[in-house]
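One letter stands for each residue in the lines below.
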Amino acid sequence: MNKLKKSFCLLTACVLAAGMLGSCSSAGENRSEVEDLREEPSSSSEPAPSEESSQPEETVIRNPLTGEAGFSEDAVGMRPVTVMINNIGQALPQRGIAAADVMFEIVVEGGITRMMGVYADIDSIPYVGPVRSARHYYVSLSEGLNAIYTHFGGSPAAYNYISQYGVDDVDGQYATDAFYQDTWRAQTYGREHSFFIDGASIREQAESEGISLEGDFTPLFDFYTDQVVVPSGGTADDVFVPFSGSYNAEFFYDEATGLYEKYRNGEPHVDADTEETVTYTNVLILYSTVSAYGDGTERRELDLSAGDGWYISAGGREEISWSKGGVEDPLTLTDSSGDPLTVNVGKTYICITDGSYESQVTFTGTSDGA
């Protein structure tokens with residue numbers, strides 16, 4: 001913003017009177033707010049330059065999935081990438097999960113869960129995996145972000161979605177050469193637990209298939225870019241989220257870092273590349289209805305129409321609502337007032353679990369999850 005200060009003097013002559021010097025007034029500030037990608041530079045005690053000599057404001061490019069500054073200019077206007085990640089014991093330790101901007105976890109079959117990492121910058125994706133097969137509700141979540149969906153195989157329902165909705169995907173079932181195979185994992189745990197892929201390989205494969213890397217998408221939330229806001233609906237220093245009788249996630253808040261350390265089935269969830277427990281600024285719990293898919297297998301169906309849940313950050317929590325609707329519709333999150341959800345800057349973990357487990361979701365100092 002510029003201050004435009006104008007000074008002028010008015011000399012008035014009156015008959016048989018001395019001249020009088022008039023003074024001028026300063027125009028007030030006219031401040032307009034620029035959202036998302038642009039911030040004002042720091043204020044200075046020096047006089048504001050004239051309009052003719054003013055310099056353009058400093059541009060701060062923010063990651064659309066985390067709100068963090070320093071996002072690559074080359075990644076602006078590019079589509080995000082989603083990657084299906086194996087989450088059973090033989091897949092541990094996984095790689096590349098700490099680099100995901102957003103991580104989803106949902107039950108798939110037999111009580112086990114699968115994860116889907118969302119990456120805003122394709123060129124910053126390290127080797128991720130083990131990459132596992134698609135499920136149709138994950139396809140829907142990815143399509144709502146207009147993402148390039150990366151997987152290795154898939155259920156019949158997932159392939160139906162991919163075909164019906166023209167999903168842009170990189171599939172190891174048909175593009176094995178795009179993936180790196182860890183031979184030790186293949187020999188020790190099995191072929192299905194051994195494939196990894198990085199951003200450079202996803203880019204190369206997508207371009208070879210004529211998939212456009214450019215495109216718009218609707219970010220999941222707005223961000224508090226100038227402060228940390230503690231949700232006021234209760235404490236949340238220790239958050240426990242069950243997905244089934246055998247799989248759960250737990251998040252421990254570290255006040256010193258302002259981050260939640262993520263645990264998997266009671267053990268620290270570690271990324272093999274960093275050798276550290278993965279951490280998140282925000283945790284979302286979304287309640288849905290999980291049921292049998294009805295194809296004679298243990299595969300699950302997930303209702304992605306609408307529901308309620310919790311937003312957790314900075315040791316606090318608040319009730320939220322969510323909706324999605326169609327496969328290509330974005331996931332929409334609103335706060336307790338019905339306004340678009342605004343979250344603290346940083347990475348987010350999203351747990352989607354069956355509403356029947358709501359009474360078993362617990363927070364610090366509570367036993368009923370209320």
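This text follows the structure it describes.
Cut-offs used in this document
Residues numbered from 1 in each chain as written. Predicted model: local features only at pLDDT ≥ 70, side-chain atom pairs only at ≥ 80, totals over all residues. Heavy atoms only, no water. Helix = DSSP H or I, 4+ residues; strand = E, 2+ residues; numbered from the N terminus. Contact = heavy atoms within 4.5 Å. Salt bridge = Lys/Arg side-chain N within 4 Å of Asp/Glu carboxyl O. Buried < 20%, exposed > 50% of the residue type's maximum accessible area, 1.4 Å probe, protein only. Phe/Tyr/Trp six-rings, centres within 6.5 Å; stacked < 30°, edge-to-face > 60°. Lys NZ or Arg CZ within 6 Å of the ring centre and 35° of its normal. Axes fitted to C-alpha atoms, helices over the stretch in contact; angles between N-to-C directions. Parallel < 35°, antiparallel > 145°, perpendicular 65-115°, else oblique. Nonpolar A, V, L, I, M, F, W, Y, C, P; charged D, E, K, R; others polar. Pairing = 2+ DSSP bridges. Lys, Arg positive; Asp, Glu negative; His and termini not counted. Polar contact = N/O pair within 3.5 Å; in protein donor to acceptor, adjacent residues only side chain to side chain. Core = buried A, V, L, I, M, F, W, Y, C linked by side-chain atoms within 4.5 Å.

A. Inspection of the environment of Val81 at higher detail. Here Val81 shows up in strand β3 (residues 81–85). Note: C-alpha distance between Val81 and Tyr119 (38 residues apart in sequence) is 5.2 Å. Apart from residues lying up to four places away in sequence, Val81 is in contact with Gly117, Val118, Tyr119, Ile122, Ile125, Ala147, Ile148, Thr150 and Ile202.

B. Structural context of the pattern of salt bridges. All told, the structure shown has 8 salt bridges when counted by the stated rule. A salt bridge links Asp168 to Arg79; the nearest nitrogen and oxygen atoms lie 2.8 Å apart. Pair noted here: Asp168 is in the loop between α2 (156–164) and β7 (169–171) and Arg79 is in the loop between β2 (20–21) and β3, with a separation of 89 residues, a long-range link. Residue classification places Arg79 among the buried positions, given a relative accessible area of 6%. Across the pair Lys347 and Asp101 runs a salt bridge whose closest N-O atoms are separated by 3.7 Å. Of this pair, Lys347 sits in the loop between β24 (342–344) and β25 (348–354) while Asp101 sits in the loop between β3 and β4 (102–109), placing them 246 residues apart in sequence. Of the two residues examined, Lys347 and Asp101, each falls in the buried class. Overlapping salt bridges, with partners in common, bring together Asp123, Arg203 and Glu207 in one network.

C. Local environment of the environment of Ile197. By the element assignment, Ile197 lies in the loop between β9 (195–196) and α4 (199–208). Here Ile197 falls in the buried class, since its relative accessible area comes to 1%. With residues up to four places along the chain from it excluded, the contact list for Ile197 reads Pro126, Tyr127, Val128, Val131, Thr150, Val170, Ala178, Phe179 and Ile202.

D. Molecular detail of the packing of aromatic side chains. Evaluated as defined, the whole model comprises 14 aromatic pairs. Ring centres of Phe152 and Phe179 lie 5.2 Å apart, and the angle between their planes is 75°; on these two criteria the pair is classed as edge-to-face. Separated by 27 residues along the polypeptide, Phe152 in the loop between β6 (148–151) and α2 and Phe179 in the loop between β7 and β8 (180–181) bring together distant segments of the chain. Phe179 carries the same exposure label as Phe152, and that label is buried. When the ring of Phe152 is compared with that of Phe195, the centres are 4.4 Å apart and the planes differ by 25°; the resulting orientation is stacked. On the criterion of sequence distance, the pair formed by Phe152 in the loop between β6 and α2 and Phe195 in strand β9 is long-range, its members being 43 residues apart. By relative accessible area, which is 9% here, Phe152 ends up buried. An aromatic cluster is present here, built from Tyr127, Tyr180 and Phe196 joined pairwise through their rings. Positioned over the ring face of Trp310 is Arg317, at 4.9 Å from the centre of the ring. Across the ring face of Phe363, the terminal group of Arg317 is positioned such that the distance to the ring centre comes to 4.3 Å.

E. Representation of the side chain of Glu143 in the model. In this fold, Glu143 is placed in helix α1 (residues 136–143). Contact partners of Glu143, with chain neighbours within four places excluded, come to Tyr165, Val167, Val327 and Glu328.

F. Looking closely at the packing of α1 against α2. Following both chains from N to C, one finds α1 and α2 inclined at 30°, their axes separated by 7 Å at the closest point. Considered as vectors, α1 and α2 are oriented roughly parallel to each other. Across from His136, Val139 and Ser140 in α1, the residues of α2 making contact are Ala157, Ala158, Tyr161 and Ile162. Classifying every residue of the contact of α1 with α2 gives 5 nonpolar, 2 polar and no charged.

G. Spatial organisation of the pairing of strand β13 (residues 259–264). Taken together, the 6 bridges between strand β12 (residues 248–254) and β13 define a ladder with antiparallel strand orientation. Paired with Phe252 across the two strands is Glu261, which belongs to β13. In this antiparallel pair of consecutive strands, β12 and β13, the connection spans 4 residues, and Gly258 shows a positive phi of 75°. The pairing of β13 with strand β17 (residues 279–280) spans 2 bridges and is antiparallel. By the bridge assignment, Glu261 is partnered in β17 with Thr279. For β13 and strand β14 (residues 267–268), the ladder comprises 2 bridges, and the chain directions are antiparallel. Paired with Arg264 across the bridge in β14 is Glu267.

H. Just the side chain of Asp171, in detail. By the secondary structure assignment, Asp171 is in strand β7. With no salt bridge to any partner, buried Asp171 finds its closest opposite charge in Arg132, at an N-O distance of 9.7 Å. Engagement of the side chain of Asp171 in a polar contact is seen with the side chain of Tyr159, the distance being 2.6 Å. Aside from chain neighbours lying at most four places away, what touches Asp171 is His151, Phe152, Gly153, Tyr159 and Phe179.

I. How the structure looks around the nonpolar core. Core analysis: the biggest nonpolar cluster contains 88 residues, and Phe104 and Tyr138 have the highest contact counts within it. In terms of residues, this core owes the most to one element, β4, which gives 6 residues.

J. Layout of the sheet that holds β25. What the 10 strands build is an open sheet, ordered β7-β6-β3-β5-β4-β25-β18-β21-β22-β23; its pairing is mixed. The sheet is open, and its two edges are formed by β7 and β23 (332–334), each paired on a single side. Ignoring strand direction, the axes of neighbouring strands in this sheet form an average angle of 25°. Where strand β21 (residues 306–313) lies against strand β22 (residues 316–323), 8 bridges are found, and the strand directions are antiparallel. Paired with Asp308 across the two strands is Ser321, which belongs to β22. In the packing of α1 onto the sheet, contacts are made with β3, β4, β5 (112–119), β6 and β25, and the angle to β4 comes to roughly 160°.

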